[in-house]
Amino acid sequence: MPSLLFVCLGNICRSSLAEGVARHLADEHGIAITLASAGTSNYHNGEPPCSVSTQLARQHGIDITHQRSTHISDYDLPTFDRIIAMDRSNLSDLLALGLTNVSLLGDYGFEGKEVADLYYEPHRAEEVYEMIESAVQQIFGEMGFNLA
């Protein structure tokens, strides 16, 4: 089964939201895919998504309250078909591990733009949601999934 991992710094805002959006789209379209998210730091291990991401997801009919922050070391990273970093710092950290299955979420329709960190910029929540949803749709399309 194809697999996709979303990565940000703490796995409580952006990557957890991206996992939730991807899971929602996969369920909505009958897509069989393994989805996960993780952080490059372990600052928030075991914590639920931040309130901004949780509320934002809820506004779009998505429940991410069951998710918990996980560190990238909890996964066998090379086994994922794609690992999607939320910003260049995350991308750099992943590439430093020698991974070749990594890209930036902003590379999917946003000319390499980084995803704003809702921990520091909660006022950009809707912009972040729209960016994640659009990019995930493009990623799924490139993986051969039909979203029609």
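In this text the structure is predicted, and so the values were computed from the model without any measurement.

1. Section: the packing of aromatic side chains
- Applying the stated criterion across every chain, the model contains three aromatic pairs.
- Seen from their ring centres, Phe140 and Phe145 are 5.8 Å apart, and the 80° between their planes marks the pair as edge-to-face.
- Phe140 sits in the buried class, given a relative accessible area of 0%.
- Of the residues examined, Phe145 reaches a relative accessible area of 18% and is grouped as buried.

2. Here's the deal with the pattern of salt bridges
- What the rule picks out here adds up to eight salt bridges.
- Notably, a salt bridge pairs Glu19 with Arg23, separated by 2.7 Å at the nearest N-O pair. On the criterion of helical spacing, the pair formed by Glu19 and Arg23 is a turn pair, its members being four residues apart in helix α1 (residues 14–29).
- The exposure class assigned to Glu19 is buried, which follows from its relative accessible area of 10%.
- Residue classification places Arg23 among the partly exposed residues on the basis of a relative accessible area of 28%.

3. Some points on unusual backbone geometry
- With phi around 60°, Asn11 is a residue other than glycine that occupies positive phi space.
- The topology assignment puts Asn11 in the loop between β1 (3–8) and α1.
- We note that Glu111 has phi near 50°; this positive angle belongs to a residue other than glycine.
- In this structure, Glu111 sits in the loop between β4 (102–104) and α4 (125–142).
- Looking at Glu111, the relative accessible area reads 84%, which means it is exposed.

4. Here's the deal with the packing of helix α2 (residues 51–59) against α4
- Two elements in contact, α2 and α4, have axes whose closest approach is 10 Å; the angle formed by their N-to-C orientations is 60°. Taken as a pair, α2 and α4 cross one another with a handedness that is right-handed. Between α2, through Val52, Leu56 and Gln59, and α4, the contact on the second element is made entirely by Ala125, Glu126 and Tyr129.
- Among the residues forming the contact of α2 with α4, the class breakdown is four nonpolar, one polar and one charged.

5. Details of the packing of α1 against α4
- Running from N to C, α1 and α4 point in directions that differ by 50°, and their axes come no closer than 10 Å. Considered as vectors, α1 and α4 are oriented oblique to each other. Where α1 crosses over α4, the two elements pack in a sense that is right-handed. Across the interface between the two elements, Arg14, Leu17, Ala18, Val21, Ala22, Leu25 and Ala26 from α1 touch Val128, Tyr129, Ile132, Glu133, Val136, Gln137 and Phe140 from α4.
- Residues that form the contact of α1 with α4 fall into these classes: 11 nonpolar, one polar and two charged.

Rules and cut-offs
Residues numbered from 1 in each chain as written. Predicted model: local features only at pLDDT ≥ 70, side-chain atom pairs only at ≥ 80, totals over all residues. Heavy atoms only, no water. Phe/Tyr/Trp six-rings, centres within 6.5 Å; stacked < 30°, edge-to-face > 60°. Buried < 20%, exposed > 50% of the residue type's maximum accessible area, 1.4 Å probe, protein only. Salt bridge = Lys/Arg side-chain N within 4 Å of Asp/Glu carboxyl O. Helix = DSSP H or I, 4+ residues; strand = E, 2+ residues; numbered from the N terminus. Axes fitted to C-alpha atoms, helices over the stretch in contact; angles between N-to-C directions. Left-handed = near helix turned anticlockwise from the far one by under 90°. Contact = heavy atoms within 4.5 Å. Nonpolar A, V, L, I, M, F, W, Y, C, P; charged D, E, K, R; others polar. Parallel < 35°, antiparallel > 145°, perpendicular 65-115°, else oblique.

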